[in-house]
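# Structural overview
Given next are the chains, with one letter for each unit.
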Amino acid sequence: DNVLHPMGWDAFGLPAEQYAIQTGTHPRETTAKNIDHFREQIKRIGFAIDWSREIDTTDPKYYRWTQWIFLQLFKKGLAYVDKRPVWWCPALGAVLANEEVVNGRSERGNHPVERRSLRQWVLRITAYAERLLSDLSLVDWPDSTKRMQAAWIGRSEGAEVTFDLPDFPGEQLTVFTTRPDTLYGATYMVLAPEHPLVGKITSATQKDAIAEYQRRTAAKSDLDRTDLAKEKTGVFTGAYALNLVNGQRIPVWIADYVLLSYGTGAIMAVPAHDERDHAFAKTFDLPIVEVVRPKDGSPEAENYKAGDLFDGQGVLVNSGEYTGMDSEAAKEKIIEKLAAENRGKTAVNYKLRDWLFSRQRYWGEPIPVLWVEKAAYDRAAAQKDSPVARLLPAEPVSFTEDGRTLYALPVPKQLLPLKLPETENFKPAGMGESPLAALTDWVDVWLNTQTGETRPHSEAKPEGDDWASAHRETNTMPQWAGSCWYYLRYCDPTNDTAPIAPDVERYWKSPDIYIGGAEHAVLHLLYARFWHKVLFDIGVVSNPEPFCRLFHQGIILGEDGSKMSKSLGNVINPDEVIDAYGADSFRLYEMFMGPLQDMKPWSTKGIEGLHRFLRRLWRELVDENGKPSAKFTAAKNSPEINRLLNQTIKKVTQDIDGLHFNTAISQLMILLNALQKETACTRETALDTIRLLAPFAPHICEEFWEIYGEKPSVSKAPWPMCDETLLESQDVTIAVQINGKLRGELLVSKTASADEVGTLAKALERVVANMEGKQIVKEIYVPGKIYNIVVR
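Small disclaimer: the values here were computed from a predicted structure and weren't measured. (Residues numbered from 1 in each chain as written. Predicted model: local features only at pLDDT ≥ 70, side-chain atom pairs only at ≥ 80, totals over all residues. Heavy atoms only, no water.)

Moving on, we get to the overall build of the protein. Along the protein, the regular secondary structure elements total 25 helices and 31 strands. Its C-alpha radius of gyration of 36 Å places the protein more than 25% over the 28 Å reference for a compact globule of 792 residues. Principal-axis analysis of the C-alpha atoms gives the protein an extent of 120 × 80 × 50 Å. Considering the protein as a whole, with its 792 residues, one finds that 48% of them fall into the buried category. The contacts in the protein between residues at least 6 apart in sequence include a share of 69% that link residues at least 24 apart. Here the protein has roughly 38,500 Å² of accessible surface; of this, 50% comes from carbon and sulfur atoms. (Helix = DSSP H or I, 4+ residues; strand = E, 2+ residues; numbered from the N terminus. Rg over C-alpha atoms; globule rule 2.2 N^0.38 Å. Buried < 20%, exposed > 50% of the residue type's maximum accessible area, 1.4 Å probe, protein only. Contact = heavy atoms within 4.5 Å. Areas by Shrake-Rupley, 256 points an atom, 1.4 Å probe, with all protein chains shown as cover.)

Below, the structure is given as structure tokens:
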């Protein structure tokens, strides 16, 4: 098969930009320098990389197509702008993703962070939630990773139920619940602190307490808010809702454990049957009404007593006409009745939230969008066949701030890439704005609303009605953008008309195997699947999933057993290891340390052992004059070596296919030990050994190959084939008996005749002793098992 094994550099992001701020060196320079260093290290290690397919996400020729894919999302209505709470780090001058914040501080630099609402580009990944979930059945991935993605997507079936707010005519509260069967147990309502109803229904006496609670909540992450172990907090709004099944007035609270982004941002609290609701009710002394009990005879019923928290399925109690009904059946009946009364409907919700796609940084892909007034937008939209209009979504993307509404117009394909402007100042421009915002000569332009052409604002406005004042988007894309689709560009890295040509895509399709860290399970891997499905929908790719098979490699720790870190001084520099032991020893040791998926500590003693193995193999295959060892000139091997050699061919072949590199190397060590005990072997035995080792230690094996006079490279040689007939021993052990009693054993060929076995049997010392003075009456031979001598 043709195997594609390329290399790419995912090189946009915060670290390079922060280094630029600290040193004044352009991130392009440091990125290029780092890439050159990494490339040299990889070449020294001897990876079989096709360097003609090398890509770099910071290359305008690459990010031209990242921008083009963004425009396809924009056109399909999957990209929009919204004001969102984000983590802002004043010290870094940057917005950080949730995963870049640890215990309220930045992962990089350990600086304090704060929550701030900023204008953000958002990708509507939720539109693909169901497909992202159901299509996990199409891929060969670890079950644990599938479960993580399924949990992150968080599909839940239930109902949306609408409650009246009796003190506020015309206002209603809609909640999502997975347990409509527990409606009779709803004793209070909870809104997310950001819910738009909060300001409308809060009583005058509660306004200050509500405002203070909202302020405190704004500084928390969603993870902090939903932590089961945390103390429950909340504030009563002063308003009441009407429980539609029993007519009771129930208080409406706000609490941070309810998120505006999940469901409707409001819940009906059923404290007898939900852990969080139960803890909240206990904290604030709210009623707890039991409405579901375990079924009689069920395991849950054994130790259950009234008043216990029970969140399972069972039988309804205290539930009016539904009392005594199975809870699952009751769900359906209650939803049917609510739907008939226009008070509810079946609904599916997801925990997955839309993807925050903006970064207020310089070192990222420019977002190919310009902002204009409505009149200019309308002129662009009116020319249906213009390059700009063809990329417009069905609904305009707009944003209102300070009473002014601006509309987004795309940069057409023929004007891509939109390159980053040159600057020496990489610091953020202000309160949450990208450094690009300060580059007014780049930001403020005259825009032709039909062709997408621009002229600097410093020039006079060009003539014609199609020209309008515009300013460029100053946010940049996150580092995830370029890594969402790089695997496709490897197949067609120099194509300047498309991200990948259709015939090339049909040939290579999706990667057959993807090896990557488990830490990407719900980030990069989910984002890449989303982008791939969009590309599938518009006909760029022919498979609905990007990665057929997934394998998670483990982490190599420092010698102290801790994760390698410069601050701990336990980082292993591959250059130093290669200088001391050679690249092949380095490669062999990394593969020999243990199963690929395991976490394991580095050991200098361990690499010394692999270095000795290679030296022993050299002495075995090559004589003191640098010529092939005379040992490997025999006409044939011993049966034992033939058998072991074929066992090794089979095992190494299977182990490579299964990514069990450590056991493949162990088998090669066993073969070497056996070869050292032999006096003569065939030349083919040496060549097979070299070919089997070559994927693991290519440099020394190329030397062996040349010494043995073989051409061309060993990497071009056919892989050894296992002779299955030689896997089993050609000898058998025969039990030798006298009058049915065991007196000895023989190791003989399977083809040995009865006469040959008899001669050998009667020569055994214990047989001779037991036959002395006796007469042989009969000899019985069961081939391959027993030789019995009857005497008297």
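Right, picking up where we left off after that structure.
Attention shifts here to the pairing of strand E23 (residues 467–472). Looking at chain direction, strand E18 (residues 369–372) and E23 are connected through two bridges and run antiparallel. Along E23, the bridge assignment pairs leucine 370 with arginine 472. Of the strand pairs in this sheet, strand E21 (residues 444–448) and E23 are connected by five bridges, and their pairing is antiparallel. Bridge assignment links asparagine 448 to a residue of E23, and that residue is tryptophan 467. (Pairing = 2+ DSSP bridges.)

Once that is clear, we can look at the packing of helix H18 (residues 583–592) against helix H21 (residues 661–677). As a packed pair, H18 and H21 sit with axes 7 Å apart at the nearest point and diverge in direction by 115 degrees. Of H21, the residues touching H18 (which contributes Leu588, Met591 and Phe592) are Phe661, Asn662, Ile665, Ser666 and Met669. Residues of the contact of H18 with H21, tallied by class, amount to six nonpolar, two polar and no charged. (Axes fitted to C-alpha atoms, helices over the stretch in contact; angles between N-to-C directions. Nonpolar A, V, L, I, M, F, W, Y, C, P; charged D, E, K, R; others polar.)

All right, on to the sheet that holds E21 then. One open sheet accounts for six strands, arranged E19-E20-E18-E23-E21-E22; its pairing is antiparallel. Two strands close off the open sheet at either side, each with one partner strand: strand E19 (398–401) and strand E22 (454–456). For this sheet, the mean inter-axis angle between neighbouring strands, taken without regard to orientation, is 40 degrees. In this structure, E18 lies alongside strand E20 (residues 404–410), joined through four bridges in antiparallel fashion. For tryptophan 371, the partnering residue across the bridge sits in E20 and is alanine 408. Across the sheet, helix H11 (residues 374–382) lies against E18, E20 and E23, angled at about 30 degrees from E20, the strand it touches most.

What follows is about the side chain of glutamate 473. Mapping glutamate 473 onto the fold places it in the loop between E23 and helix H13 (480–483). Residue class for glutamate 473 comes out buried when judged on its relative accessible area of 1%. Here arginine 119 takes part through its side chain, which lies 2.9 Å from a polar atom of the side chain of glutamate 473. A polar contact of 2.9 Å, which involves the side chain of glutamate 473, links it to the backbone nitrogen of asparagine 475. Discounting residues that sit within four places of it in the chain, glutamate 473 has contacts with Arg119, Trp121, Ile367, Val369, Trp371 and Trp442. (Polar contact = N/O pair within 3.5 Å; in protein donor to acceptor, adjacent residues only side chain to side chain.)

Within the largest apolar cluster, 79 residues are counted, with the highest numbers of intra-cluster contacts made by Phe70, Trp121, Trp355 and Trp531. For phenylalanine 70, the contacting residues outside a window of four places in its chain are Ala79, Trp121, Leu123, Phe357, Ile367, Pro368, Val369 and Met477. One finds Met593, Leu617, Met669 and Val714 within the second-largest nonpolar core, a separate group that totals 50 residues. (Core = buried A, V, L, I, M, F, W, Y, C linked by side-chain atoms within 4.5 Å.)

This part takes up the packing of aromatic side chains. A complete count under the given rule lists 39 aromatic pairs for this structure. Considering the side-chain rings of tryptophan 355 and tryptophan 531, the 6.3 Å spacing of their centres and the 50 degrees angle between planes classify their relative orientation as tilted. With tryptophan 355 in strand E17 (residues 355–356) and tryptophan 531 in helix H16 (residues 524–537), this residue pair connects regions lying 176 residues apart in the sequence. The two residues tryptophan 355 and tryptophan 531 agree in class, both being buried. Note on tryptophan 480 and tyrosine 527: the rings are 5.7 Å apart at their centroids and 70 degrees apart in plane angle, and the pair reads as edge-to-face. Within this pair, whereas tryptophan 480 is found in helix H13, its partner tyrosine 527 is found in helix H16, the two being separated by 47 residues in sequence. Like tyrosine 527, tryptophan 480 is buried. Here the aromatic residues Phe70, Phe74, Trp121, Tyr128, Trp355, Phe357, Trp371, Trp480, Tyr527, Phe530 and Trp531 are joined through ring pairs into a cluster of three or more. The lysine or arginine in question, arginine 115, covers the ring of tryptophan 87, its NZ or CZ lying 4.5 Å from the ring centre. (Phe/Tyr/Trp six-rings, centres within 6.5 Å; stacked < 30°, edge-to-face > 60°. Lys NZ or Arg CZ within 6 Å of the ring centre and 35° of its normal.)

Our next topic: the side chain of glutamate 545. Structurally, glutamate 545 is set in the loop between H16 and strand E25 (550–551). A polar contact is formed between the side chain of glutamate 545 and the side chain of arginine 529, at a distance of 2.8 Å.

What follows deals with the sheet that holds strand E29 (residues 741–749). Each strand in a sheet pairs with another by means of backbone hydrogen bonds, the pair being arranged parallel or else antiparallel. The strand order across the open sheet formed by four strands is E29-E28-E31-E30, and the pairing between neighbours is mixed. Across the chains shown, the open sheet's two edge strands, defined by having one partner strand only, are E29 and strand E30 (776–782). The mean inter-strand angle of the sheet, taken between neighbouring strand axes irrespective of direction, is 20 degrees. Sheet topology note: the strand E28 (residues 731–738)/strand E31 (residues 786–791) ladder contains four bridges and is parallel.

Here the focus is the environment of tyrosine 350. Along the chain, tyrosine 350 turns up in the loop between strand E16 (344–349) and E17. With 232 residues separating them in the primary sequence, tyrosine 350 and leucine 118 have C-alpha atoms 24 Å apart. Ignoring sequence-local partners within four residues, the contact set of tyrosine 350 consists of Ala129, Glu130, Ile153, Gly154, Arg155 and Tyr262. For tyrosine 350, the side chain forms a polar contact with the side chain of glutamate 130, separated by 2.4 Å.

Moving on: the environment of leucine 418. With respect to the element layout, leucine 418 can be found in the loop between E20 and helix H12 (440–443). Here leucine 418 falls in the buried class, since its relative accessible area comes to 8%. With 49 residues separating them in the primary sequence, leucine 418 and valine 369 have C-alpha atoms 9.4 Å apart. Those residues in contact with leucine 418 that sit more than four places away from it in its chain are Tyr63, Gln67, Pro366, Ile367, Pro368, Trp442 and Arg472.

Residues separated by three or four positions in an α-helix point in the same direction, a consequence of the helix having 3.6 residues per turn. Taken as a whole, helix H24 (residues 754–761) has its buried residues at Val757, Gly758 and Ala761. When H24 is viewed along its axis, its buried side chains cluster within an angular range of 100 degrees and face the same direction. Exposed side of H24, more than 90 degrees from the buried face: Asp755 and Thr759 are the residues found there. (Arc of directions from axis to C-beta.)

Right, let's get into helix H10 (residues 327–340). When the terminal C-alpha atoms of H10 are compared, their 20 Å separation across 14 residues agrees well with the 20 Å that a helix rising 1.5 Å per residue should span. Burial in H10 covers these residues: Ser327, Ala330, Lys331, Ile334, Ile335 and Leu338. Taken end-on, H10 shows its buried residues confined to a sector of 130 degrees, consistent with a single buried face. Pointing more than 90 degrees away from the buried face of H10 are the exposed residues Glu332 and Ala340. Each element contacted by the buried residues of H10 is listed here: strand E8 (156–164), strand E15 (315–316) and E16. At the N-terminal boundary of H10, the capping side chain belongs to aspartate 326, with an oxygen 3.0 Å from the backbone nitrogen of glutamate 328. Backbone geometry just downstream of H10 places asparagine 342 in the positive-phi region, at approximately 65 degrees. (Expected span 1.5 Å × (residues − 1).)

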